Amino acid sequence: MRPYLLLTPGPLTTTETVKSAMMSDWCTWDKDYNEGIVEVIRRELVGLATSRPEEYTAVLMQGSGTFCVEATLGSVLRPDDHLLVAANGAYGKRMGTIAEYYKLNCHVMRFEETEAVDPKTIDEYLTAHPEVTHVSVVHCETTTGVLNPLAEIAAVVKRHGKVLIVDAMSSFGGVPVDMAALGIDFMISSANKCIQGVPGFGFIIARRSLLEQCKGVARSLSLDIYDQWETMEKGHGKWRFTSPTHVVRAFMQALTELKEEGGIAARYARYRENHRTLVEGMRSLGYRTLLPDEWQSPVITSFYYPTADFDFNTFYQKLKAKGFVIYPGKISQADTFRIGNIGDVHPDDFRRLVDTIREM
Ligand SMILES: *Cc1c(COP(=O)(O)O)cnc(C)c1O
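Bear in mind that the values here come from a model prediction, so they are computed numbers and not experimental data.

### Overview of the sheet that holds strand β14 (residues 336-340)
- One open sheet accounts for three strands, arranged β11-β14-β13; its pairing is antiparallel. Single-partner strands in this sheet number two, and they are β11 (300-304) and β13 (327-328).
- Most of the contacts of helix α11 (residues 263-284) go to β11, to which it runs at about 10°, and overall it touches β11 and β14.

Okay, structure coming up:
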């Protein structure tokens, strides 16, 4: 069942027990599914995201993570609102693209892909542009592995009284964040990242009082998070349209395994140890990381090609034959490849990976 380890940040390596949880069929209007699985997941997601669960609520949405980012921007921003997107990679830029499709008033503030988003620049922009109503930012930019300084960014956005939308796709469940403490209003992630489920749906954790005001704002029926939420609330875990039942059941198992591991703090510690083991090993072989350590997340690590004539494809195929699948780079200004540290992977896997690269 596991021809190789996915050292890619989603889909990622899942446990046998998560995969096995998909081996039964569920009825989408039966209580066993709605109350026994969907409502449990919604409650647990809120519990993981905030120290004040009574102020927040969760909506699950079919599709990949991008569907949920699009659903959020399209259901929350009104025609007169103004969005500031802080972008230091492909996922930040993608939020700008979504805003273009929806013809939102939007300004994309570009940062270097090899640098973190700078809260001071946001502060200055918000001072100069009081018409901005919403700010969106990516927590971990999976493009490079930068972990943006979310607490500092949130402090600035809240000081200016703006709504804060966070793409926490590749960090939620693997890096501790308290939405209430930081003042985050909407936070988005998906099943196949740090919770370690399989792909098929995503979710939005929202400040209840704000989501309640979003009736009729959406420009898309399928991606209307208010309507989806209202159906889930009133129907006690009912989805509007066919839900990915097997994937949802597997996700509940993944949440159980997160608890068994010791929660987000324990998972964060394992990911950091994975990352440390990988980077120490790779540096001992002469590889250099793209990012300075201060901005590096424990989620995914970018490495420079070791030599000018390095052939990524050959390297990839050789590693795959040895049981490790890695990721190509995703930035234009440097030749890099990426190795994911998240999923059901452990420090020993990274020791074996480094040994394999040494032998190659
Ligand atoms: C994975 C990811 C997404 C969503 O990508 P999909 O391919 O749509 O699942 C969005 N933002 C970030 C930061 C991600 O890592």
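### Concerning the sheet that holds strand β3 (residues 82-87)
- Spatially, the seven strands line up as an open sheet ordered β2-β10-β9-β8-β5-β3-β4, and their pairing is mixed. Each edge of the open sheet is held by one strand with a lone partner, namely β2 (56-62) and β4 (105-110). Across the sheet, the mean angle from the axis of one strand to that of its neighbour is 20°, orientation sign disregarded.
- Here three bridges tie strand β8 (residues 163-167) to strand β9 (residues 186-190), and the two strands are oriented parallel to one another. Across the sheet, residue V166 finds its bridge partner in β9, namely M187.
- Each of β2, β3, β5 (134-138), β8, β9 and β10 (201-207) touches helix α3 (residues 65-76); the most contacted strand, β9, lies at about 160° to it.

### Concerning the domain arrangement of the protein
- Domains assigned within the protein are domain 1 (16-259) and domain 2 (263-359).
- Between the C-alpha centres of domain 1 and domain 2 the distance comes to 27 Å.
- At the boundary of domain 1 with domain 2, total buried surface from both sides reaches about 2,200 Å², with 61% on carbon and sulfur atoms.
- Here domain 1 is connected to domain 2 by zero salt bridges.
- Where domain 1 meets domain 2, there are 13 residue pairs in polar contact (both at pLDDT 80 or more).
- Contributing elements (two or more residues each) for the side of domain 1 that touches domain 2: α4 (90-101), β7 (146-147) and α10 (245-261).

### Considering the UniProt feature "binding site: substrate" (unreviewed entry) in the protein
- UniProt records the feature "binding site: substrate" (unreviewed entry) at R338, using the numbering of this structure.
- On the secondary structure map, R338 appears in strand β14.
- You can call R338 buried: its relative accessible area is 4%.
- Excluding residues within four positions of it along the chain, R338 makes contact with T142, T143, I300, T301, S302, I326, Y327, P328, G329 and K330.
- In terms of polar contacts, R338 uses its side chain to reach the backbone carbonyl oxygen of T143, at 3.4 Å.

### Some points on the pairing of β3
- In terms of burial, β3 is largely enclosed, as five of its six residues are buried.
- Examined bridge by bridge, β3 and β4 share six bridges and lie parallel to one another. Bridge assignment links H82 to a residue of β4, and that residue is N105.
- A crossover connection joins β3 to the parallel β4 through α4; in handedness this β-α-β unit is right-handed.
- For β3 and β5, the ladder comprises four bridges, and the chain directions are parallel. For L84, the partnering residue across the bridge sits in β5 and is V135.

### As for the packing of helix α2 (residues 31-49) against α10
- Put simply, α2 and α10 touch, their axes get as near as 10 Å, and they point 45° apart. Relative to α10, the element α2 is oriented oblique. Crossing of α2 over α10 shows left-handed handedness. Residues Y33, G36, I37, V38, V40, I41, E44, L45 and L48 of α2 form the contact with α10, whose own contacting residues are T245, V248, R249, F251, M252, L255, L258 and K259.
- Its residues assigned to classes, the contact of α2 with α10 comprises 12 nonpolar, two polar and three charged.

### With respect to the environment of G197
- As for its position among the elements, G197 is in the loop between β9 and β10.
- Sequence-wise, G197 and L255 are 58 residues apart; in three dimensions their C-alpha atoms are separated by 8.3 Å.
- For G197, the contacting residues outside a window of four places in its chain are L12, T14, V18, A191, N192 and A254.

### Here we look at the environment of V132
- Mapped onto the elements of the fold, V132 is located in the loop between α5 (119-128) and β5.
- Taking the relative accessible area as the measure of exposure, V132 reaches 6% and is therefore buried.
- C-alpha of V132 to C-alpha of R78: the two residues are 54 residues apart in sequence and 12 Å apart in space.
- Setting aside residues no more than four positions away along its own chain, V132 makes contact with H82, L84, Y125, L126 and K162.

### Topic: the site of the ligand
- Taken together, S64, G65, T66, Y91, R94, V138, C140, T142, D167, M169, S170 and K193 are the residues near the ligand.
- At 2.5 Å, a side-chain N or O of S64 approaches an oxygen atom of the ligand.
- Contact between the ligand and T66: an oxygen atom at 2.5 Å from a side-chain N or O atom of the residue.
- Bound to the protein, the ligand loses 85% of the 380 Å² it would expose on its own.
- Sorting the residues of the shell around the ligand by element identifies α3 and α4 as the ones contributing at least two each.

The rules behind these values
Per chain, the residues get numbers from 1 upward, laid out in the order the sequence is written. In view of the model being predicted, local features appear only for residues whose pLDDT reaches at least 70, and side-chain atom pairs are presented and counted only at 80 or more, with totals across whole chains, interfaces and linings using the full set of residues. Neither water nor hydrogens contribute to the side-chain values; these are computed over all heavy atoms in the structure. DSSP bridges decide pairing: two strands pair if at least two such bridges lie between them. For the purposes of this entry, the term helix denotes a DSSP run of H or I that reaches at least four residues, the term strand denotes a run of E that reaches at least two, and both are numbered from the N terminus. Two residues qualify as a contact provided that any one of their heavy atoms is within 4.5 Å of a heavy atom in the partner residue. Between N-to-C directions, angles cover 0 to 180 degrees, with each direction set by a line fitted to C-alpha atoms, over the stretch in contact for helices. Where each domain begins and ends follows an automated or database-derived domain assignment. Buried area, as used here, totals the accessible surface that two parts lose on assembly, with accessibility defined by a 1.4 Å probe and the loss added over both. For salt bridges, the criterion is a side-chain nitrogen of Lys or Arg within 4 Å of an Asp or Glu carboxyl oxygen. Two N or O atoms count as a polar contact when they lie within 3.5 Å, although within protein this holds only if one can serve as hydrogen donor and the other as acceptor, and sequence-adjacent residues are included solely when both atoms are side-chain atoms. UniProt positions are given in the numbering used here, feature names are shortened, and annotations may be inferred rather than shown by experiment. For every residue, the accessible area (1.4 Å probe, protein chains only) is compared with the maximum for its type, and the residue is labelled buried under 20%, exposed over 50%, or partly exposed between those bounds. The crossover handedness rule: strands pointing away from the viewer, path from first strand over the helix to second strand clockwise, crossover right-handed. In these notes the angle categories are as follows: under 35 degrees is roughly parallel, over 145 is roughly antiparallel, 65 to 115 is roughly perpendicular, and the rest is oblique. Each crossing is labelled by how the near helix is turned from the far one, with a counterclockwise turn of less than a right angle marking it left-handed and a clockwise turn marking it right-handed. Residues are grouped as follows: Ala, Val, Leu, Ile, Met, Phe, Trp, Tyr, Cys and Pro are nonpolar; Asp, Glu, Lys and Arg are charged; every other residue, Gly included, is polar. Note on definitions. A residue lies near a molecule or strand when any single heavy atom of the residue is within 4 Å of it. Using a 1.4 Å probe, the Shrake-Rupley method yields the accessible areas, and only the shown protein chains count as cover for residues.

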